Amino acid sequence: MRTFYIFKIKEEYATLTKNNPYQLFRMLDFIYTLDKSDANKGADLFYKVVERFNEKNLDIHLFKKYRENYFYTKYKNVHQINNLYKKEESKLIVKKHFLLLKSTLIKPTFIEDLKEENHLFLCDFENKDYFWLDKLAV
């Protein structure tokens, strides 16, 4: 199972790192691995780079799209798809400053819905994998 953190990067940082995403990943990985004692400094840096999601609108959009889907469930801000035919188990947790996507697939169903958002950067910190969503061919 893969765990992706999805960040909406501010326009100026997205422009600077569009062709060199490794630098952006290094910065986000650095913030992710900070000690609790340095959390305030990391939070300042994080909020300079990452834009806030409109979590309520995204939550409603996902629910409206999938509410008739037999494989879909929702509880609070957690959206799940358990499709036995595609062998997909995906969970998308909607937060204010990031989305957490856990899935058995590299291209889960929810990815297509997120393509409407601009400057989305996905990081799998455990596997050191990262990419811009618009670069992913779905």
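We now turn to the structure provided with this report.

Let's shift gears to the nonpolar core. By size, the foremost hydrophobic cluster in this structure holds 20 residues, and its most contacted members are Leu99 and Phe110. Those residues in contact with Leu99 that lie beyond four places of it in its chain are Phe4, Tyr5, Ile6, Phe53, Leu58, Leu92, Ile93, Val94 and Leu114.

As enumerated under the stated definition, the model contains nine salt bridges in all. A salt bridge links Asp29 to Lys128; its shortest N-O distance comes to 3.2 Å. Of this pair, Asp29 sits in helix 2 (residues 21–32) while Lys128 sits in the loop between strand 7 (120–124) and strand 8 (129–132), and the two are 99 residues apart along the sequence. Residue classification places Lys128 among the partly exposed positions, given a relative accessible area of 48%. A salt bridge links Arg52 to Glu55; the nearest nitrogen and oxygen atoms lie 3.3 Å apart. Overall, Arg52 belongs to the partly exposed group, its relative accessible area being 44%. A single network of salt bridges, built from pairs that share partners, joins Arg2, Asp124 and Asp129.

Although it is not a glycine, Lys87 sits at a positive phi angle of roughly 55 degrees. With respect to the helices and strands, the residue Lys87 is situated in the loop between strand 4 (78–83) and strand 5 (88–94). Residue Lys87 is classed as exposed on the basis of its relative accessible area, which comes to 69%. Its identity as a non-glycine residue notwithstanding, His119 has a phi of 60 degrees, on the positive side.

It is worth spelling out the pairing of strand 7 at this point. With five of five residues buried, strand 7 is to be regarded as a mostly interior element. Judged by which residues are buried, strand 7 turns out to be covered on both faces: Leu120, Leu122 and Asp124 on one side and Phe121 and Cys123 on the other are all buried. One ladder, built from four bridges, connects strand 1 (residues 2–9) with strand 7; its direction is antiparallel. Directly across from Ile6, in strand 7, lies its bridge partner Leu122. Counted between consecutive antiparallel strands, the loop separating strand 7 from strand 8 contains four residues, among which Lys128 sits at a positive phi close to 55 degrees.

A word on helix 3 (residues 39–49). Residues Gly42, Phe46 and Val49 constitute the buried set of helix 3. In an axial view of helix 3, the angular spread of the buried residues amounts to 65 degrees, which keeps them on one side of the axis. What points out from helix 3, more than 90 degrees from its buried face, is the exposed set Asn40, Lys41, Asp44 and Lys48. Next to the buried residues of helix 3 lie strand 1, helix 1 (11–17), helix 2 and strand 2 (50–51).

So, on to the packing of aromatic side chains. Enumeration over the complete set of coordinates arrives at 19 aromatic pairs. A ring pair is formed by Phe71 and Tyr85, whose centres lie 5.8 Å apart and whose planes are at 80 degrees; its orientation type is edge-to-face. With a gap of 14 residues between them, Phe71 in the loop between helix 4 (55–66) and strand 3 (72–75) and Tyr85 in the loop between strand 4 and strand 5 connect regions that are remote in the sequence. Residue class for Tyr85 comes out exposed when judged on its relative accessible area of 73%. Aromatic ring contacts, followed pair by pair, group Tyr5, Phe7, Tyr22, Phe25, Tyr32, Phe46, Tyr47, Phe98, Phe121, Phe125, Tyr130 and Trp132 into a single cluster. The ring of Trp132 carries the charged tip of Lys18 above its face, separated from the ring centre by 4.1 Å.

Quick notes on the rules
Residues numbered from 1 in each chain as written. Predicted model: local features only at pLDDT ≥ 70, side-chain atom pairs only at ≥ 80, totals over all residues. Heavy atoms only, no water. Core = buried A, V, L, I, M, F, W, Y, C linked by side-chain atoms within 4.5 Å. Buried < 20%, exposed > 50% of the residue type's maximum accessible area, 1.4 Å probe, protein only. Contact = heavy atoms within 4.5 Å. Salt bridge = Lys/Arg side-chain N within 4 Å of Asp/Glu carboxyl O. Helix = DSSP H or I, 4+ residues; strand = E, 2+ residues; numbered from the N terminus. Pairing = 2+ DSSP bridges. Arc of directions from axis to C-beta. Phe/Tyr/Trp six-rings, centres within 6.5 Å; stacked < 30°, edge-to-face > 60°. Lys NZ or Arg CZ within 6 Å of the ring centre and 35° of its normal.

In short, the description is geometric, and any link to function would need to be established separately.
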